[in-house]
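# Summary of the model geometry
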Amino acid sequence: MAAAAGPAAAAGLWSEVNRCGQNGDFARALKSVNKILQISKDDVTALQCKVVCLIQNGNFKEALSIINTHTKVLTSDIIAFEKAYCEYRLNRIESALKTIQSASQQTDKLKELYGQVLYRLERYDDCLAAYRDLIRNSQDEYEEERKTNLSAVVAAQSTWEKVVPEDLGLREATYELCYNSACALIGQGKLNEAMKKLQKAEELCRQSLSEDSDVTEEDIEAELAIIHGQMAYIMQLQGRTEDALQLYNQIIKLKPTDVGLLAVIANNIITINKDQNVFDSKKKVKLTNAEGVEHKLSKKQLQAIEFNKALLAMYTNQADQCRKLSASLQSQSPEHLLPVLIQAAQLCREKQHAKAVALLQDFADQHPANAAEIKLTMAQLKIAQGSVTKACMILRSIEELQHKPGMVSALVTMYSHEEDIDSAIEVFTQAIQWYQQFQPKSPVHLSLIREAANFKLKHGRKKEAISDLEELWKQNPKDVHTLAQLISAYSLVDPEKAKVLSKHLPSSDTMSLKVDVDALENSHGATYVRKKAGKLTGDNQQKEQGQGEVKKKKKKKKGKLPKNYDPKVTPDPERWLPMRERSYYRGRKKGKKKEQVGKGTQGSTTAGSSELDASRTASSPPTSPRPGSAAAVSATSNVIPPRHQKPAGAAATKKKQQQKKKKGAKGGW
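Residues numbered from 1 in each chain as written. Predicted model: local features only at pLDDT ≥ 70, side-chain atom pairs only at ≥ 80, totals over all residues. Heavy atoms only, no water.

The chain appears in an unreviewed UniProt entry as Signal recognition particle subunit SRP72 from Lepidothrix coronata. Regarding the chain, the UniProt comment filed under Sequence similarities (unreviewed entry) reads as follows: "Belongs to the SRP72 family." (UniProt positions renumbered as here; feature names shortened; annotations may be inferred.)

Structure, rendered in structure tokens:
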């Protein structure tokens, strides 16, 4: 009876596992599976079920451990998908790829996982082929998801590999498809079209989520965060940094769970801040260090974040940290320009320009493919140091740019600044020879010859300029402008030759141009526009016929006269002169100011104090002043004019009243 109890108990446990699996209760199912394994520890089906239950519960490490410890029982044919999926979820992408490729039979599940693994490995061409094969050979309810993944691959190719995406003919019925299409357009630089796609994606997202009654507005905003983030990125690319910054900060306030999205937004804010608002950048850089970010972003995104960390360290004067980060980046990508440029910039901030130039020179020698950009930076550093001639030597060593019009212009300008005309002419000659050899019919070739001739004429090299102008005229004998320049040059060297060449000029009759003068004067670029004549009648018409248009004279405004102006009195002819320069000025009399200084309370006046002093007037008896007494002595020369003076009597009366009020009081203000 005891022997028969084992199989009976196992059957009951299996039915329990089946029921729990159908209900989605994998934790309870796992307990039953463990009991079965106690009865039969090498039961293949039970081990398989245990692995599935652990995967459903998110215990990928434990599931993978069971697979690896039971390799004899759980062969690759039986459990290949589960093993590869666990490795994929544990971010062991290379191992997952090997597991899939070693499977004897490629099931649809393995093919789906294979596409995901290739996408994570950024092997977009292989991934595109895998999804096309899946869509072509499968028909089930997951077709929409496969199309979404296919569009994501195309968007990644457009963004990271700059591949022009082909039209897949996908109907953009979901917001995910619209979003991926917008990303592909951003990769092509079609920002306005991409913004319209994102707006459509936002609308579709709101519609699809609002149909579910369990979804709240907060859930919708969280789902829209990635769309809004891409919108802000487009605004940033368009130069609308304020709008982009506002939208970025709104997304951060929502606290989305996607650490990859937060890292990208934080990085973009740091790029907007640049060397300003470094404290905010320091806060934002913490979001880029969140756990799991490295598994959410592409290699180029992670690399951009590390570059910005190094630059932020430089802006915040963390020299050691900047050197450490840039050195790490250089070891990861030895041929990349940015790490060495950041190191050179840091050395320049430390006033070590010679070391910066030496560092750049070493990189240029080791990586000739990137030498042109490095040498341009070296030339810029030499110019900053004032070594213009050395900068010119560095620029002339960039062979692939020697003939470019921009390079020729820069070198000629710099040599002219150094008054090295021979070297400037040599730059022109080398560029002209290159075009003559490789692109003789290029319009740039003719343009360089003309510019060289003008430069030589300007610096007195007339014979050399004549040679260039003759070459131009031979190539285009109908060019009147070149002929005129040639005649002008010969007139300075050989007037007889100039007369001979002038015969080739067209006659004045053939050169007359049919120009509508009125249309020209009324054109948008005309500096003077004649006013349209209105209807003329009477005397105005006669004036128009006799004298033409006469500008209206502005009426002069009558000057305002002073309030005390007397027409009977002749104005002072010297009134416009300063007082010191007038003939009747006698200078200031000393001691007058002292007499006018009052000794009373603040605001009182002592204008007539000298006249009211009994000691100064012998004939007059001492009398107290009455209100209005100041009027009697207003004719004296030292009295302040009326508009500055208060009545002396009123001030004196006020003074007495104040003294009465203060009597018996101590202190004051």
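The subject of this paragraph is the overall build of the chain. Counting its secondary structure elements, the chain contains 34 helices and 0 strands. Evaluated residue by residue, the chain yields a buried proportion of 33% over its 669 residues. Contacts in the chain between residues far apart in sequence, at least 24 positions, make up 46% of those at least 6 positions apart. As displayed, the chain has an accessible area near 44,700 Å², and 52% of this comes from carbon and sulfur atoms. (Helix = DSSP H or I, 4+ residues; strand = E, 2+ residues; numbered from the N terminus. Buried < 20%, exposed > 50% of the residue type's maximum accessible area, 1.4 Å probe, protein only. Contact = heavy atoms within 4.5 Å. Areas by Shrake-Rupley, 256 points an atom, 1.4 Å probe, with all protein chains shown as cover.)

The next subject is the UniProt feature "repeat: TPR" (unreviewed entry) in the chain. The residues that UniProt annotates with the feature "repeat: TPR" (unreviewed entry) are residues 225–258. End C-alpha atoms of residues 225–258 are separated by 10 Å, and the span's content is 76% helix alongside 0% strand.

Let's shift gears to the pattern of salt bridges. Counted under the stated rule, the structure contains 20 salt bridges. The salt bridge partner of Glu464 is Arg461, with a shortest N-O separation of 3.8 Å. Judged by its relative accessible area of 25%, Arg461 is partly exposed. One connected set of salt bridges, linked through shared partners, spans Glu202, Arg206, Glu217 and Glu221. (Salt bridge = Lys/Arg side-chain N within 4 Å of Asp/Glu carboxyl O.)

Bringing the side chain of Lys375 into the picture now. As for its placement among the helices and strands, Lys375 is situated in helix α21 (residues 371–385). Buried and unpaired, Lys375 has Asp365 as its nearest opposite-charge partner, separated by 6.4 Å. Once you skip the residues sitting within four places of it in the chain, Lys375 turns out to touch Ile394, Ser397 and Ile398. (Lys, Arg positive; Asp, Glu negative; His and termini not counted.)

This part is about a negative patch on the surface. A cluster of acidic side chains, namely Glu141, Glu144, Glu145, Glu176 and Glu223, defines a negative patch on the protein surface. By the element assignment, Glu145 lies in helix α9 (residues 143–160). By relative accessible area, which is 44% here, Glu145 ends up partly exposed. (Patch = residues over 30% accessible without salt bridge, like charges linked within 9 Å, V, L, I, M, F, W, Y side chains within 5 Å. Charge placed at Lys NZ, Arg CZ, Asp CG, Glu CD.)

Our next topic: helix α4 (residues 60–69). Turning to α4, its buried residues are Phe60, Ala63, Leu64, Ile66 and Ile67. For α4, the angular spread of the buried residues around the axis is 155°, confining them to a single face. Of the residues in α4, the exposed ones pointing more than 90 degrees away from the buried face are Lys61 and Thr69. Packed against the buried residues of α4 are α3 (44–56) and α5 (76–89). (Arc of directions from axis to C-beta.)

Put simply, helix α12 (residues 217–237) and helix α14 (residues 259–273) touch, their axes get as near as 11 Å, and they point 20° apart. Compared by their axis directions, α12 and α14 come out roughly parallel. Between α12 and α14 the crossing geometry is left-handed. Two secondary-structure elements touch here, α12 through Ala225, Ile226, Tyr233 and Gln236 and α14 through Leu261, Asn268, Thr271 and Ile272. Residue composition of the contact of α12 with α14, grouped by class: 5 nonpolar, 3 polar and no charged. (Axes fitted to C-alpha atoms, helices over the stretch in contact; angles between N-to-C directions. Parallel < 35°, antiparallel > 145°, perpendicular 65-115°, else oblique. Left-handed = near helix turned anticlockwise from the far one by under 90°. Nonpolar A, V, L, I, M, F, W, Y, C, P; charged D, E, K, R; others polar.)

Here the focus is the environment of Thr316. Secondary-structure assignment places Thr316 in the loop between α17 (299–315) and α18 (319–332). Of the residues examined, Thr316 reaches a relative accessible area of 17% and is grouped as buried. Considered as a pair, Thr316 and Asp275 are 41 residues apart in the sequence and their alpha carbons are 8.2 Å apart. Excluding its chain neighbours within four sequence positions, the residues that come into contact with Thr316 are Val278 and Lys282. Of the polar contacts made by the side chain of Thr316, one reaches the side chain of Gln318; its length is 3.0 Å. (Polar contact = N/O pair within 3.5 Å; in protein donor to acceptor, adjacent residues only side chain to side chain.)

So, about unusual backbone geometry. Its identity is not glycine, yet Lys274 carries a phi of approximately 55°, on the positive side. Judged by relative accessible area, which is 55%, Lys274 ranks as exposed. Of note in the backbone geometry, Asn317 takes a positive phi value of approximately 60° without being a glycine. Checked against the element boundaries, Asn317 lands in the loop between α17 and α18. Since its relative accessible area comes to 63%, Asn317 is described here as exposed.

Another point: the packing of aromatic side chains. Within this structure, the stated rule accounts for 6 aromatic pairs. An angle of 65° between the planes, with centres 6.1 Å apart, marks the rings of Phe60 and Tyr85 as edge-to-face. Residue Phe60 is located in helix α4, and its partner Tyr85 is located in helix α5; the two are separated by 25 residues in the primary sequence. Taking relative accessible area as the criterion, Phe60 reaches 12% and is therefore assigned buried. With a centroid separation of 5.8 Å and an interplanar angle of 65°, the aromatic rings of Tyr119 and Tyr124 are classed as edge-to-face. Ring pairs connect the aromatic residues Phe60, Phe81 and Tyr85, which therefore count as one cluster. (Phe/Tyr/Trp six-rings, centres within 6.5 Å; stacked < 30°, edge-to-face > 60°.)

With respect to the helices, strands and loops of the structure, Ser281 is situated in helix α15 (residues 278–285). Ser281 gets classed as buried once you look at its relative accessible area, which sits at 0%. Ignoring sequence-local partners within four residues, the contact set of Ser281 consists of Ile270, Asn273, Gln276 and Leu312.

So, on to helix α22 (residues 388–396). In an α-helix there are 3.6 residues to a turn, and that puts residues three or four apart on one side. Of the residues making up α22, those classed as buried are Val388, Ala391, Cys392, Ile394, Leu395 and Arg396. Where α22 is buried, its residues contact α21, α23 (405–417) and α24 (421–438).

This part covers the packing of helix α10 (residues 175–188) against helix α11 (residues 191–210). In contact at an axis separation of 8 Å, α10 and α11 are set at 165° when each is read in the N-to-C sense. On the basis of the axis angle, α10 is roughly antiparallel to α11. Every pair of crossing elements has a handedness; the one defined by α10 and α11 is left-handed. Taking contact as the criterion, the partners of Tyr175, Cys178, Tyr179, Ser181, Ala182, Leu185 and Ile186 in α10 are, on α11, Leu191, Glu193, Ala194, Lys197, Leu198, Lys200, Ala201, Leu204, Cys205 and Ser208.

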